[in-house]
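Commentary on secondary and tertiary structure
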Amino acid sequence: MIQIPMKVSGLLDKRTIQSFYQERIQGAKTLQTIASIQAGAPAGAINGVKPPHTSVLPNPASSPPNPVMRKPVPTLIHPMQKGQKVSLETNRPLSAIKVCLGWNVKNPSCDVDVSAFLLDEKGKVLGDDWFVFYGQEQSPDGSVFFLADSAEDRENITIHFKKLNAKVQKIVFVLTINEAFEKRLNFSMLQEAYVRIIDHASKQELASFQMDAYYSNVTSMMIGEIYRHKKVWKFHAVGNGVARDLAGLCELYGVQVI
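So, here is what we can say about the structure in this document. (Residues numbered from 1 in each chain as written. Predicted model: local features only at pLDDT ≥ 70, side-chain atom pairs only at ≥ 80, totals over all residues. Heavy atoms only, no water.)

**A closer look at the sheet that holds strand β6 (residues 112–119)**
Pairing between the strands of a sheet comes from backbone hydrogen bonds, and it takes one of two forms, parallel or antiparallel. One open sheet holds the six strands; their spatial order is β4-β14-β13-β10-β6-β7, and the pairing between them is antiparallel. Looking at which strands have only one partner, the edges of the open sheet turn out to be β4 (85–87) and β7 (131–132). Relative to strand β10 (residues 170–177), β6 is paired through eight bridges, and the arrangement is antiparallel. Each bridged residue has a counterpart across the sheet, and for leucine 119 the counterpart in β10 is lysine 170. (Pairing = 2+ DSSP bridges. Helix = DSSP H or I, 4+ residues; strand = E, 2+ residues; numbered from the N terminus.)

**A short note on unusual backbone geometry**
Backbone geometry places arginine 184, a non-glycine residue, at a positive phi of 55°. For arginine 184, the position within the fold is in the loop between α3 (180–183) and β11 (190–199). The phi torsion at glutamate 192 lies on the positive side, around 55°, for a residue other than glycine. Tracing the sequence through the fold places glutamate 192 in strand β11.

**Some details on the sheet that holds strand β12 (residues 205–210)**
With mixed pairing, six strands are arranged side by side in an open sheet as β3-β12-β11-β5-β9-β8. Since the sheet does not close on itself, it has two edges, and those belong to β3 (79–80) and β8 (144–148), each with one partner.

**Re the pairing of β10**
Counting buried positions over the eight residues of β10 gives seven, a clear majority of the element. Sheet topology places β10 next to strand β13 (residues 220–229); seven bridges connect them, and they run antiparallel. Directly across from isoleucine 171, in β13, lies its bridge partner isoleucine 226. (Buried < 20%, exposed > 50% of the residue type's maximum accessible area, 1.4 Å probe, protein only.)

**A closer look at the nonpolar core**
Among soluble globular proteins, nonpolar side chains are generally buried collectively. Grouped together as the largest cluster of nonpolar side chains are 60 residues, with contacts concentrated most on Phe117, Ile159, Ile171, Phe173, Ile226 and Phe235. For phenylalanine 173, the residues in contact, after removing those within four places along its chain, are Val99, Leu101, Ser115, Ala116, Ile157, Ile159, Met221, Met222, Ile223, Gly224, Glu225 and Ile226. (Core = buried A, V, L, I, M, F, W, Y, C linked by side-chain atoms within 4.5 Å. Contact = heavy atoms within 4.5 Å.)

**Section: the packing of aromatic side chains**
In total, this model carries five aromatic pairs according to the counting rule given. An aromatic cluster is built from Phe117, Phe131, Phe133, Tyr134 and Tyr253, whose rings are joined through pairwise contacts. (Phe/Tyr/Trp six-rings, centres within 6.5 Å; stacked < 30°, edge-to-face > 60°.)

Such coordinate-based values are descriptive only and should not be taken to indicate function.
Now the structure itself:
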């Protein structure tokens with residue numbers, strides 16, 4: 001079963017994943033904040049404390065969504081086409097990379113998040129906590145780190161290959177829309193989604209991919225993946241989606257969700 005190391009003490013189930021989404025606030029989460037989320041904070045509570053002078057927070061369905069500021073797409077140095085694969089280690093072995101992801105939305109209700117699933121040769125996670133997202137910002141081996149809201153990009157994931165468990169053969173990067181089913185949101189409401197792979201040492205772009213197809217029947221998009229082939233790491237511009245939420249993706253990649 002899924003456990004969030006150093007974040008919450010109980011099991012992570014579908015309801016818990018949704019509560020991460022529903023109780024999400026701006027800024028870094030503290031241990032107290034996340035513990036209160038899983039424990040089931042009272043209705044209208046923020047950080048486990050009910051606001052004074054009000055009994056509950058306003059119904060989100062009756063409140064207009066906050067405007068989402070557009071971020072320009074960075075200049076992509078080595079753009080790839082959907083389905084294309086390229087080696088990331090043409091001159092020398094890589095020690096670390098930064099995977100930078102960005103997007104813009106047509107519908108301000110779309111709250112998009114990034115997840116990275118660390119998979120073995122069979123395409124399944126090594127264990128229930130071998131995926132990284134905003135609620136679990138580090139892999140068990142300390143090789144993969146999640147960072148939200150960087151200067152140029154929406155979210156970043158840093159991968160240190162020397163620390164990476166040798167059983168990890170592929171890391172898939174997925175975009176999901178928060179509460180897509182409940183709010184009837186889909187990827188046709190997004191635009192300018194991209195991923196770029198940066199050499200951590202030289203800060204140079206190694207590969208990039210910008211999506212050009214956005215489907216109304218998709219709520220999660222596998223935008224790209226890195227994989228090990230004959231001891232060399234490569235990047236695959238995937239650009240394929242499914243009608244699943246985060247809990248559904250966990251099940252797809254072998255995470256036991258109760």
